[in-house]
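Chain by chain, the residues:
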There are 2 protein chains.
Amino acid sequence: MNIGEKSAGKQPPRRVTAAMVAEHAGVSTATVSLVANGKSAGRVSKHNEERVREAIRELGYFVDGIGSSLAKGVSSLVILVAPDISNPFFAKVIAGVRSVLGNDYQLLLSVTDAGISPSATETRRLLGLRPAGLLVHAPTKVFLEDLAGPLPLVALDAPGIDPSIPAVNMDVAQGAEAVVAHFASLGHTKAAYLDGSTGTDTLMVRREAFLDAATHYGIEVLPGNVASSMIDVGAASDEFSRNWPMWESCGVTALACATDTQAFGVLHAARHLGIRIPHRLAVTGFDDLPYSATSSPSITSVQLHATEVGRQAALKLRELIDGQAPQSLQSMLPSSLVVRGSTTADGGL
Amino acid sequence: MNIGEKSAGKQPPRRVTAAMVAEHAGVSTATVSLVANGKSAGRVSKHNEERVREAIRELGYFVDGIGSSLAKGVSSLVILVAPDISNPFFAKVIAGVRSVLGNDYQLLLSVTDAGISPSATETRRLLGLRPAGLLVHAPTKVFLEDLAGPLPLVALDAPGIDPSIPAVNMDVAQGAEAVVAHFASLGHTKAAYLDGSTGTDTLMVRREAFLDAATHYGIEVLPGNVASSMIDVGAASDEFSRNWPMWESCGVTALACATDTQAFGVLHAARHLGIRIPHRLAVTGFDDLPYSATSSPSITSVQLHATEVGRQAALKLRELIDGQAPQSLQSMLPSSLVVRGSTTADGGL
DNA sequence: CTGTTAGCGCCTTCAT
DNA sequence: ATGAAGGCGCTAACAG
């Protein structure tokens, strides 16, 4: 009785193992392993290599990731931890990551409930998969502490992060300044800000940069002229409606929103309230979502380069996995202001 | 020399194994396994259980998913294969799935490039993870054939699928009929259709159901009045602009789009062309995306119940994983028409 | 109740 | 260039 017979006798159609391939090809499992992993160069004879390849094809063998991971101590998984997958930002980030990872690593996303970092339990389970590396969007301190290990990790979109942690950020501060500069160039002198209330670092940076730049450019933003809402069209719409009477009485003529989604809400409310945009009120968003170019009016927004964020993060991660220190630990991608109809009457053309 | 010492001597901070915990607690690894997996009821003495728990806590032990999976022959992973993650539909589906899976299974998403099913290679790599089950969005025949195995699998949003495969679908045909009925009730007699060109089954069903219902309701849809574009705002906008002159000359007064995204494009183009909506042309979408309620005009659309799709699919998958035959192999969730400003002048109020 | 044992499938020395 | 053998960490089956 050999392995082949034993397995053939069992009821469930047993999976094809390296041992079966070895037997079929008349070689040892070691040789199969070498060939299957493309490490046969100069270590396996042409003749045997061919026989193994043939056996693999005939039997339909493929390397079992679990067994392989156990033996190697690490899997070929790269896990992207992404709260809030509905952010259109991600589709592009993922494309960028995939373009760099190719077939060498397998990308999987771990999604949590809207905007929440994984719990300690979830984190441990992730680690239990022995991923080759982790890509983490907007990680919280707690999450990074839970990780506590020498696992290759790159943070994305984490402005306030510990400078010793590899990260790829977008220069949202620069974007916020560009918004202010744009307002100033249009002659606005009193502005308001609609913040997002999820408390992520990037939002904080956007707001502070906006306020600082406003001071610098001599644009007045009264404390009472900073509101905050959930990142949701309806919530933003409501919040704006509630605040407008006061803002109007203060002479506000420009409003910057923390996200395009909120800008949509503002546009919606403005329509109902009969506020002409951009004539009576100039509005800006942030993120440059796909619909922002075609809404009515189209939205002046800060464009972020999501694909490039994904690419660079994956590049850094690969360096880490390979045991190198990344060329630069953290990098910052520029953002750019896209001027459209919500701030200038001819911007949409 | 024991295991503990040996590991302490090595340079890399060795991971905590069940053997270490066993030694620390003065029991066998089997006992540790029982306790760690919550299977200790009536199989481990209170005293030992307590000692093990303490050791686990002190050492910071957690079960290694890889070792566990190898021993059990299957992991606790549920993989959601999702082409086109940018579809806002998914965030809700995921929420539904998570609510059912809870802590028993770990959900990970496998994302491919926009709208493409995973390649055979990718599929094999997925299988190499030995997932407990697969949730597959809009699977292609090829993909299902690549799978070829007794793996628990539930398809989502796969209208044309083999009736022997467990699936959760949405009644998009009903939705398309509702659109036609709505047009008819408004007195339209000549309509056009803007299809999506990705070739997914759901789009085919939407189109055919629309055309059938049109015949039934006596609404004329000339063959030349069915156009098709990528599911993209810009592409739809262009396609509409190109077709409008002809449609107009045919007396078309109503246009159904295969997706809300395309409806946005139409709205955009209509604005540039000076076509008043809904007065001159009534427009409908499909999917009821978040922005559809607040665009200008807001879009009449077919609402799908994504969260429920996720819930039910996960429920079915659990039954399959547990070795039961699901109560109903396939189920169909109703869809409903949401009437808004793009078809009736007062719909947006 | 508890410990021992025998793998799960693979990869990697180490001899040959 | 090749094969035998020893784990990787865990769990299921079996003995006590």
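Residues numbered from 1 in each chain as written. Chains lettered and ligands numbered in written order. Predicted model: local features only at pLDDT ≥ 70, side-chain atom pairs only at ≥ 80, totals over all residues. Heavy atoms only, no water.

A. Region of the structure containing the sheet that holds strand β6 (residues 191–196) of chain A. All names here are of chain A. What the four strands build is an open sheet, ordered β7-β6-β8-β9; its pairing is parallel. Among the strands making up the open sheet, the edge pair consists of β7 (226–229) and β9 (282–284). Neighbour-to-neighbour, the strand axes of the sheet open up by a mean angle of 20°, direction not taken into account. Relative to strand β8 (residues 254–257), β6 is paired through four bridges, and the arrangement is parallel. Bridge pairing links tyrosine 193 to alanine 256 in β8. Helix-sheet contacts for helix α9 (residues 172–185) involve β8 and β9, and the interaxial angle to β8 is about 165°. (Pairing = 2+ DSSP bridges. Helix = DSSP H or I, 4+ residues; strand = E, 2+ residues; numbered from the N terminus. Axes fitted to C-alpha atoms, helices over the stretch in contact; angles between N-to-C directions. Contact = heavy atoms within 4.5 Å.)

B. Region of the structure containing the packing of helix α3 (residues 29–36) of chain B against helix α4 (residues 46–59) of chain B. Residue and element names in this part refer to chain B. One can describe the packing of α3 onto α4 by two numbers: an axis separation of 10 Å at closest approach and a directional angle of 80°. Classified by the angle their axes make, α3 and α4 are roughly perpendicular. Together, Thr31, Val32, Val35 and Ala36 of α3 and Glu49, Val52, Arg53 and Ile56 of α4 make up the contact between the two elements. For the contact of α3 with α4, a count of residues per class yields five nonpolar, one polar and two charged. (Parallel < 35°, antiparallel > 145°, perpendicular 65-115°, else oblique. Nonpolar A, V, L, I, M, F, W, Y, C, P; charged D, E, K, R; others polar.)

C. Molecular detail of the protein's contact with DNA strand D. Taken together, 31 residues surround DNA strand D, and among them Gly42 and Ser45 of chain A together with Ala18, Ser33 and Tyr61 of chain B come closest. The sugar and phosphate moieties of DNA strand D supply 78% of its atoms located within 4 Å of the protein. Between DNA strand D and asparagine 48 of chain A, the relevant distance is 2.7 Å, taken from a phosphate oxygen to a side-chain nitrogen or oxygen of the residue. A distance of 2.4 Å separates a phosphate oxygen of DNA strand D from a polar atom in the backbone of alanine 18 of chain B. Looking at the surface near DNA strand D, the elements that each hand over two or more residues are α3 (29–36) and α5 (65–72) of chain A together with α3 and α5 (65–72) of chain B. In terms of residue count, the dominant contributor to the surface near DNA strand D is α5 of chain B (five residues). In the surface near DNA strand D, the residues fall into eleven nonpolar, twelve polar and eight charged. (Near = heavy atom within 4 Å. Polar contact = N/O pair within 3.5 Å; in protein donor to acceptor, adjacent residues only side chain to side chain.)

D. Inspection of the relation of the copies chain B and chain A at higher detail. Aligned on chain A, chain B shows an RMSD of 0.1 Å; the corresponding rotation is 180° and the shift along the axis is 0.1 Å. Put plainly, the chains are arranged around a two-fold axis. In terms of C-alpha distance to the rotation axis, chain B has leucine 109 of chain B as its closest residue, with the C-alpha 2.4 Å off the axis. Looking at the interface residues of chain B, 100% of them are also at the interface in chain A, so both copies use one shared face. (Least-squares fit on C-alpha atoms with pLDDT ≥ 70 in both.)

E. Local environment of the protein's contact with DNA strand C. Surveying the vicinity of DNA strand C reveals 29 residues, the closest of which are Ala18, Ser33 and Tyr61 of chain A together with Val44 and Ser45 of chain B. Sugar and phosphate atoms form 75% of the subset of DNA strand C atoms that lie within 4 Å of the protein. Contacts to DNA strand C include threonine 31 of chain B, whose side-chain N or O atom sits 3.0 Å from a phosphate oxygen. When contributions to the surface near DNA strand C are tallied by element, the ones reaching two or more residues are α3 and α5 of chain A together with α3 and α5 of chain B.

F. Inspection of the domain arrangement of chain A at higher detail. Segmenting chain A into domains produces domain 1 (3–63), domain 2 (70–169 + 306–331) and domain 3 (172–304 + 336–347). Using only C-alpha atoms to locate each centre, domain 1 of chain A and domain 2 of chain A end up separated by 34 Å. (Domains from an automatic or database assignment.)

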